[in-house]
Amino acid sequence: MKNILKFLIILIPLFFFSRCGDKLLDQPWSTTILLESQVWNDKAMITDLLANLYNRLPVHSQINSGETNYGCYDEGVNTGSQESSTDIANNNLTTYSYSRWTLWDYTYIRDLNQAIESIKKYSSKLTVKEKQQFSAELRFLRAYDYFEMVKRMGGVPIITTQLIYDFSGDPTYLRHARNTEEEVYDFIASELDAIKDSVGNISSGTPSKDRANKYSVLALKCRAMLYAGSIAKYNNLLATPITTPGKEVGLPAARSAGYYQASLNAAKEIINSGIYSLYNKNPNPGENFYEMIVKKAGNPEMIMTTDFLIPTRKHNWSYHEICRTMREDNLSSSAINPDLGLVEAFDYLDGTAGTLKGVGTGSNTAAGQTNWIFYDKPNDIFANKDARLYGTIVYPGTSFKGVDVEMQAGVYEWSASLNRYVRYESETFHSLYTDGKLLTGNGGPMRISQEVSNTGFYIKKFIDPATLSSARGVGTDIWWVRFRYGEILLNAAEAAFELGGANIPDALTYVNMVRQRAGFPANSLYTSTLTLAKLQSERRLELAYEDHRVWDLMRWRISHTVWNGSSATPSANQYALYPYRVIRPGHPNDGKYVFDRFLAPKFKAARFFQMGNYYSAISQSVLDNNPLIVKNPFH
Amino acid sequence: MKNKLILLAVIVFAIFIAGCEYDNYTAPTSFLSGNVVYNGKAVGVRSNGTQLELWQYTWDTKGKIARAKIAVYIAQDGSYSARLFDGDYKIVRLTGAPWSNPNTDTLAVTVSGNTTYDVPVTPFYTITGETFTYSGGVITSTCMVNKVGTVAITSLTLYIGITNIVDANNNAQSNVLAAAALTDLTTPKTNTVTLTNVSPTFLASRSYVYARLGVLSAGSSERYYSPWKKIMLQ
Amino acid sequence: MRNWPIERPYANDNPLYVNNTHSININPATYKEAFTGWTDEYTRVFKSNIYADYDFGFGLKARATYSYEYFNWIMECFEFTYPAYTYDRVAKTYNQVVGGGNLNPYRRTDRQHNETKYAQLQLNYNKKFGKHTIAATAAYDQTRMDLQFLRIHTIPPTNYIPIQNLVDQDELNNQWTMSARASYTGRLNYNFNEKYLLEAIGRYDGSYMYAKENRWGFFPGVLFGWRLSNEPFFKSLKGIFSELKLRGSWGQTGAESGVSAFGYLGGFNWSSGSYRFNGVTYTGIAPRGLPVTKLSWVTNTSTNIGIDFAIFNDKITGQFDVFRRKRTGIPAARYDVLIPSEVGYSLPNENLNSAENRGVEGMVTYRGKMGPVIFNIGVNTTLSRSKTLETYKPRFGNSWDEYRNSSQGRWDNINWGYHILGQFQSQEQIDDYPVNVDGSGNRTLLPGDLIYEDLNGDKIINTMDQKPIGYATGSNPYMSFGLNSQFNYKGIDLVLVFGGGTMQTWIYSNELKIPYGTNNGNSPQWLLGDRWHRADPYDNTSEWIPGYYPPTRKDFQTHSNFSRTNDFYRVNVSYLRLGSTEIGYNVSQKLLNRFKLGLTKARIYTNISNLFSIDNTLKFQVDPEVSSSSGLVYPQSRVFNFGFSLTF
């Protein structure tokens, strides 16, 4: 008896410490899951939900995501790094896949619709105004997402309510066909008009730069309507317009003028509000253009940005892209190197075309050296160019973050026996030649090594001037620009130009404002010199690296001629410009600099955009799930 | 007992052998091949540039849905080939090719063993009577361009390449005749290319190059090509 | 593999100055604690078991066990900043490289503690009634584990003080998780005269992962054994078979798969994404989507039949087994009904698919005597391969799609790739070749490059030209075998154990395939040595000298040789490894007595593990059991042991 007592005494406390069976396994709470009832009546929680939804806006090439895409078009070459061994494949893209830009993310649409409906249904503790404001902000995100989808896919099904499957076995009531491209653009316009005044987020006259407000709504409308207008016009100017029988893709030409007018009206509302202006605080136009992006305090140009904050939310754009010479970490840097084609697109301030003068062919023969101009300093070749070049790209002979970039590919030494200059290069940083002076600089460029420029240029735009911002441990919090006043002016200029007639003076005013900030004299363009090509070029230079290039070329329907896959077409290929120091003791050219231009050494295949890329492929599983969905043409 | 042991060993060995193959499904063995033809002649296209679609329209049994196409690429000499299982298929001529596209016209074909089927198309323009000559560092081509459809012509280009796969994307040099020179198509058209000797192809110092003509019209972004010719330079 | 043989770790070989190599963080000169920093990990575990036994007396015993484990893990790491130098040979000075060395200091603390509580109550009953023996067991056990994790990362302002300050803080990561499981088990054994054996088992398991309705699973099992050699009708064969036993079993166990903890809850996930609004960072919450309520245990059913035998007076003994392990209830989506993608969610997983692994294994041992040498040798082999049995209502778009993607009744892990016909032998052959091998009109090809097989004859190489090219990679070999042998001669004993396998595939890639790797590093000598190359590397008109590997190019990692998985870089690995060799000497009793130390037994021995292996990966200098495609894994080590054992 005693023994059984002893046994039981030991037994009982054991089960005291734990629960049994099902109770043990049932945890009604989790440390990381919030229930619906805890969210809809709490403004702070709804704001957190908005944070998640803003963060999920579709991205293509953005400074904190999709950086590899910068090296896929005509804005740069990928130099390769020890960390991202697959990016180098972007230099050998023989074609763009038909599903490269495919976006069919209805989970995001559903989350937005669910939030809109739930706030209406469950948020009893919020005031009517608060509910309207959240609802308007969610509808802004939804309209923005539909814009991102329609510019990639053409018409998509417009879903504005939660679709819920009743598990009955028959899903036919859930099937929605694609709306036409026209219907989607009209939906975006009507949504934005409806929410414009209730979206709030303007406190004491200052609109929020992070959250949707009346002006970011207008900016989105301005851009969307401009896209619609140019697709309506240029798609129908193609020899065979791209269209489907059900009009899922292809806008009617007759609507083009209406869209341009809507875009111009939205732009004028922003311009006339007087709230925004071009950033012009630095008298040096090149530095000014750079600071327009990186100086956040009192920046009057930004309408909507995706912002960051050290240390809670930061990104590594500087770590990946900073000029090699001033990198602050022992890995990475210089992932994307700007292409010479972009550098030469920047015109000279006197209006002449931007092609650089006195450049050799890099063949290391006498014939390749006949055109050389001998420059006193490496940056002389870029003298008097559009100041936006200085603010966007790091080029030889300049300094950045207080350090001279030291870009020199090698030397050319005069050989009397061969009667020409002979080239020497090195793959060692800051190597010295036999004459004791610099052979290859700390900033390269080099043909083979990774993590240094391959083209002779580095990106400057969006690079943080703060110390140690390019070290992984610290990071950078430079914002990503969604809408800014410079773009609105260019949108307005283009819309006004396309409308023609009495709108031309407006177009000239707007584009000249942008050009004047770039260092050009006032009124640098007149009616006779204002052409579509000039406006297209202005967009390319002003908005470089801001995720506009590929969409602009697509909406003008020229991407298949600009990137036509041929190694003989300069616009489809990426070029490098290497600076060299001249060695010829006793001769006046000794110590001067010459430049060679050739195909970027790591660039392997010309860019090739095909007709089937204008509207991306819809994935087979989407087609299988809904037989009403019509495929896009050419796939 | 000994026999039983041997039998057991044999069974084990048999199981062993049976598990040796990489895959226990049989691969398709029937080939559907042929040419894309116009007027009995195969139509030259850009390699990896145009495709036909194959649909297996009697596939809708046992819940299988014939919703996915098989993409069949047309080789540069106009031939196509696909490795399939026997069955009934239909061929659809896809847009993005140098011929007019009757969208609603599909061609039914039954594949059984090795089957040949020539797909008729109507190109916008054709090239006939092409000749290529070489002398003194210059390659000259002459040909007749024939208009078949109603679409305007854009250009006629002579491409010189270093491998037999020559087209608008794979060439070292080219010479373009623009639309202005192609208004009268009753006379032969001539293109000339003077071979240069630049890196990396060094055309003039090679022993042979390949030449091909391509005609571009407003109806498509792809060209109709003549057959290629290998030209010996030395 | 990133280090270049042309760079020295120290500038001018002066150990005071670390050389600023092309990638300083892999310079071996920095692998010193005083220079680079340190990482310390401490694991402290406290385990306690309490148990109580009670014997009721009539064959019934009870046992209660309680176990508490506390696991504490601390990781502290501190990486310093350090300079790097270059040597100026002209001026004979060492120059510190601006921006070189490490400018990115790092200080991190990770702390984790787990508490695991386990309790079990077990009842056992054992009784023998004449020739019958019965044993029965019943048990209940439960486990609960709670885990807490905290990570703090700061950017240290000095290389000396390891204390972390809020001002320098950069990251805070906190996790709390729990898991709990319970089960009821019962077992019944019956044995008649050591001739017939029968056992039945049942388990009723519950897991915290699944929704309440589907939390528990019942898994029974049954075993039988029949000692044929003890049967009366067997007496005639007793001369040959000293032992013959037939056995078989069928049993089920449960496995958790396909669901994450609390998958059955809807709502929102905390801390998913973040965004900055008006100067403040907000932590995002993400909608979780549809809860997974219908998912339950995956069932593993094992069936096997086997024979144990001993013949010729126990000279030969052996076992053969045929087995099958079937997994049912593998999670998959129930898509008889196709929901349009525009709904924004897909139907949650249910237990629908099944797969199996079937095989044979056998072992035979021979015991013999050859003069004074006594030995036994045993060989064993296992052959097993897994196959998917069925998937839920599969859908394919055409017969090719079905062939390529179906897994119904198909071997698992089929390795799809391209077949290589050979290598181009001359530039003219490349220029005239009608198939567009590299996608760029063959303009990037040189003699020695790989010729892909154009399976469907369309003169283009794309996914339609893929075929199965190998067995599973990174998985157990389908066939494995071994040989154990032991020899005794007087006092010396020798044990040799071989193990091997075949029918496994290794596809090598990265640094072993692409010259200079994908990260500007080094390459093995066999890749750079035995290759196609020009007779004079400075003259691009000199003739080509053939080799095995294609010509090496720098900076063309996406070349057609490398960009597609093919069977040129594939090895079907077979190996036989001498896993263990042991030679020992037992000192004879007479000698022991002479020492008068009271030793009853003394043995000295040496043991070598992994003495050698015969395999077909030798030329790659890679161990045959390494499955990593870049081979950058520690191979099996070879260990030499010497020892002795004394018994007093």
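Residues numbered from 1 in each chain as written. Chains lettered and ligands numbered in written order. Predicted model: local features only at pLDDT ≥ 70, side-chain atom pairs only at ≥ 80, totals over all residues.

A closer look at the overall build of chain C
Defined as follows: Strands are runs of DSSP state E lasting at least two residues, helices are runs of H or I lasting at least four, and both sets are numbered from the N terminus onward. As a reference, a globule follows 2.2 Å times the number of residues to the power 0.38, and the radius of gyration itself is taken over C-alpha atoms. Neighbour density around each residue's C-beta defines its exposure: 20 or more other C-beta atoms within 10 Å make it buried, 12 or fewer make it exposed, and counts between make it partly exposed, where C-beta atoms are placed from the backbone. It is the C-beta atoms, placed from the backbone, that decide contacts: two residues are in contact if theirs lie within 7 Å.
When helices and strands are counted, chain C shows six helices and 29 strands. In terms of C-alpha radius of gyration, chain C reaches 33 Å, well past the compact-globule figure of 26 Å for 648 residues. Dimensions of chain C, computed from C-alpha atoms along their principal axes, come out at roughly 95 × 75 × 75 Å. Across the 648 residues of chain C, 25% fall into the buried class. Residue pairs at least 24 apart in sequence account for 63% of intrachain contacts in chain C once pairs closer than 6 positions are excluded.

So, unusual backbone geometry
Residues and elements named next belong to chain A. Geometrically, the link from Ile310 to Pro311 is a cis peptide bond, its omega value of 0° lying close to zero. As for its placement among the helices and strands, Pro311 is situated in the loop between strand S5 (302-306) and helix H10 (317-321). Cis rather than trans, the peptide bond between Gly444 and Pro445 has omega equal to -5°. Mapped onto the secondary structure, Pro445 falls in the loop between strand S14 (438-440) and strand S15 (458-459). A positive phi angle, close to 50°, is found at Asn523, a residue other than glycine. In this fold, Asn523 is placed in the loop between helix H14 (504-517) and helix H15 (532-542). Look at Phe634: it is not a glycine, yet its phi comes out positive at around 75°. Its location among the elements puts Phe634 in the segment after helix H18 (620-625). For Phe634, a count of 19 C-beta atoms within 10 Å translates into the label partly exposed.

What about the domain arrangement of chain B?
Residue and element names in this part refer to chain B. Here is the rule we go by: For the domains described, the bounds stem from an automatic or database domain assignment. Three categories are distinguished: nonpolar for Ala, Val, Leu, Ile, Met, Phe, Trp, Tyr, Cys and Pro, charged for Asp, Glu, Lys and Arg, and polar for the others, with Gly belonging to the last.
In terms of domain boundaries, chain B breaks down into domain 1 (30-120) and domain 2 (125-232). Between domain 1 and domain 2, the C-alpha centre-to-centre distance is 28 Å. Contacts between the two partners involve 14 residues from domain 1, matched on the other side by 14 residues from domain 2. Class assignment of the residues belonging to the side of domain 1 that touches domain 2 gives a composition of five nonpolar, seven polar and two charged.

Quick look at the packing of helix H8 (residues 256-273) of chain A against helix H13 (residues 485-499) of chain A
Residue and element names in this part refer to chain A. So the rule is basically this: Helix axes use the C-alpha atoms of the stretch in contact, all axes being lines fitted to C-alpha atoms, and the angles between their N-to-C directions lie in the range 0 to 180 degrees. If you view the pair so one helix is near and one far, a crossing is left-handed when the near helix is turned anticlockwise from the far one by less than a right angle, and right-handed when it is turned clockwise.
Two elements in contact, H8 and H13, have axes separated by 9 Å at closest approach and are oriented at 140°. In terms of crossing hand, the pair formed by H8 and H13 is left-handed. Between H8, through Ala257, Tyr260, Gln261, Ser263, Leu264, Ala267, Lys268, Ile270 and Ile271, and H13, the contact on the second element is made entirely by Ile488, Asn491, Ala492, Ala495, Ala496, Glu498 and Leu499. Of the residues belonging to the contact of H8 with H13, the class tally is 11 nonpolar, three polar and two charged.

Points about the interface of chain A and chain B
Facing 15 residues of chain A, the contacting portion of chain B comprises 13 residues. Top element by residues in the side of chain A that touches chain B is H18(A). It accounts for three residues.

Notes on the interface of chain A and chain C
Interfaces are often sized by the accessible area lost when the parts come together. Convention followed: Here, any two strands with at least 2 DSSP bridges between them count as paired.
Taken together, the contact between chain A and chain C spans 88 residues of the former and 74 residues of the latter. Of all the elements in the fold, those that place two or more residues in the side of chain A that touches chain C are helix H1 (2-16), helix H2 (21-25), strand S1 (33-34), helix H3 (43-55), helix H4 (106-122) and H18 of chain A. For the side of chain A that touches chain C, the element with the most residues is H3(A), which contributes eight residues. Here the residues of the side of chain A that touches chain C sort into 40 nonpolar, 29 polar and 19 charged. Note: S1(A) against strand S11 (residues 268-277) of chain C, two bridges, orientation antiparallel. Across the sheet, the residue bridging to A:Leu34 is C:Phe268, located in S11(C).

With respect to the packing of helix H6 (residues 181-195) of chain A against helix H7 (residues 214-235) of chain A
All names here are of chain A. Put simply, the rule reads: Note on angle classes: values under 35 degrees are labelled roughly parallel, values over 145 roughly antiparallel, values of 65 to 115 roughly perpendicular, and the remainder oblique.
Two numbers describe how H6 lies on H7: the axes approach to 10 Å, and their chain directions differ by 160°. Classed by the angle they form, the pair H6 and H7 counts as roughly antiparallel. Classified by chirality, the crossing of H7 by H6 is left-handed. Contact residues: H6 offers Tyr185, Ile188, Ala189, Leu192 and Ile195, while H7 offers Val217, Leu220, Lys221, Ala224, Met225 and Ala228. Its residues assigned to classes, the contact of H6 with H7 shows 10 nonpolar, no polar and one charged.

Quick word on the pairing of strand S5 (residues 106-129) of chain C
Residue and element names in this part refer to chain C. Across 20 bridges, strand S2 (residues 60-79) lies against S5 in antiparallel orientation. Within S5, the position partnered with Tyr70 by the bridge is Glu115. For S5 and strand S6 (residues 132-154), the ladder comprises 23 bridges, and the chain directions are antiparallel. Opposite Gln120, over in S6, you have Asp141 as the bridge partner. Taking the residues that link successive antiparallel strands as the turn, the S5-S6 hairpin has two residues, and the phi of Gly130 there is positive, at about 60°.

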